[in-house]
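Coordinate inspection notes
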Amino acid sequence: MTCTEQPIFSARAHVFQIDPATKRNWLPASKHAVTVSFFYDAGRNVYRIISVGGTKAIINSTITPNMTFTKTSQKFGQWADSRANTVYGLGFSTEQQLQQFAEQFKELREAARLAREKSQERFELANPALSIAAPEPGEEKLFRSKSAEVELTVEKERVKKMLSEGSNAKLVAALQEANSSVEQWKKQLAEYQEETD
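Keep in mind that what you see is a predicted model, and the values were worked out from it rather than measured.

Within the protein, the regular secondary structure consists of 6 helices and 8 strands. Residues classed as buried in the protein amount to 35% of the 197 residues present. On the protein, roughly 12600 Å² of surface is accessible, and the fraction owed to carbon and sulfur atoms is 52%.

Structure, rendered in structure tokens:
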């Protein structure tokens, strides 16, 4: 994290961590209320919750799509961080602050989910070699992007039908573009069917 990064949202709270021995008691991680901020780490394309007390980071938690912030009382909330293998607790001075923090957490968790999906798509697009080395996933990706709701088993039949009727010019064009000729594509599909069968 660089100093030039601006926090997306900051709040002051007392920070606690679950006692690793009992997993029941809260241990105060800060003597006083400290600033707890949401940051966007552009380098890694992730959102983090960071809180620094003195010279050390009390919280450095990367928000993942499956994290949940739970309000356990009117002014206290907590979330589990499996990477840090701990549970963080935050005590706020007002209910409103807790509410704002909870809403921000929810928003950024959703943003983290979208960022993860985008980076997976980018990875697949940035690696055309993948679809050459392994035509199966490439083929599946092509079908799914054109008709996401159709399952693979039905797709095989539908694609054959579409090709024979020429009812979906877009699909045919996409297939021709992806593989310089339909023949080559048919051959790949046949191999793919053999493998899945």
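If you walk through the whole model with that rule in mind, you get 4 salt bridges. Taking the shortest distance from any N to any O, the salt bridge between Arg-44 and Asp-41 comes out at 3.6 Å. We classify Asp-41 as buried; its relative accessible area is 12%. Note that Glu-110 is salt-bridged to Arg-113, the shortest N-O span being 2.4 Å. Of this pair, Glu-110 and Arg-113 both sit in helix α1 (residues 95–126), 3 residues apart, roughly one helical turn. On the accessibility criterion, Glu-110 (36% relative accessible area) is partly exposed. Taken together, the shared-partner salt bridges in this structure form one network comprising Asp-41, Arg-44 and Arg-48.

Let's shift gears to the packing of aromatic side chains. By the definition in use, this model includes 13 aromatic pairs. Each ring, one from Trp-79 and one from Tyr-88, has its centre 5.1 Å from the other, and the planes form 35 degrees; the classification is tilted. Owing to a relative accessible area of 1%, Trp-79 belongs among the buried residues under this scheme. Among the aromatic residues, those joined into a cluster by ring pairs are Phe-9, Phe-38, Phe-69, Trp-79, Tyr-88, Phe-92, Phe-101 and Phe-105.

Moving on, we come to the layout of surface pockets. One number sums up the size of the second largest pocket: a volume of about 180 Å³. Around the second largest pocket sit 14 residues that line it, and Asn-45, Val-46, Ile-63, Ala-112 and Arg-116 are the ones nearest its centre. Elements with a contribution of two residues or more to the lining of the second largest pocket: β4 (46–53) and α1. Within the lining of the second largest pocket, the residues separate by chemical class into 6 nonpolar, 4 polar and 4 charged.

This part covers the nonpolar core. Residues Val-36, Ile-49, Ile-59, Trp-79, Leu-90 and Phe-101 are the most contacted members of the largest nonpolar core, which totals 25 residues. At the level of secondary structure, the elements contributing two or more residues to this core comprise β1 (9–18), β3 (34–41), β4, β5 (56–62), β8 (86–91) and α1. Other than its neighbours up to four places away in sequence, Phe-101 contacts Phe-9, Ala-11, Val-36, Phe-38, Ile-49, Phe-69, Trp-79, Leu-90 and Phe-92.

Attention now goes to unusual backbone geometry. Notably, Lys-23 is not glycine yet its phi reads approximately 60 degrees, a positive angle. Locating Lys-23 in the fold gives a position in the loop between β1 and β2 (26–28). Within the chain, Asn-85 stands out as a residue other than glycine whose phi angle is a positive 55 degrees. Residue placement: Asn-85 occurs in the loop between β7 (76–81) and β8.

About the criteria used
Residues numbered from 1 in each chain as written. Predicted model: local features only at pLDDT ≥ 70, side-chain atom pairs only at ≥ 80, totals over all residues. Heavy atoms only, no water. Helix = DSSP H or I, 4+ residues; strand = E, 2+ residues; numbered from the N terminus. Buried < 20%, exposed > 50% of the residue type's maximum accessible area, 1.4 Å probe, protein only. Areas by Shrake-Rupley, 256 points an atom, 1.4 Å probe, with all protein chains shown as cover. Salt bridge = Lys/Arg side-chain N within 4 Å of Asp/Glu carboxyl O. Phe/Tyr/Trp six-rings, centres within 6.5 Å; stacked < 30°, edge-to-face > 60°. 1 Å grid on protein atoms, 1.4 Å probe; cavity = no way out; pocket = protein on both sides within 12 Å on 5 of 7 lines; lining within 4 Å. Points joined across faces, edges and corners; volume = space filled by probe spheres on them. Nonpolar A, V, L, I, M, F, W, Y, C, P; charged D, E, K, R; others polar. Core = buried A, V, L, I, M, F, W, Y, C linked by side-chain atoms within 4.5 Å. Contact = heavy atoms within 4.5 Å.

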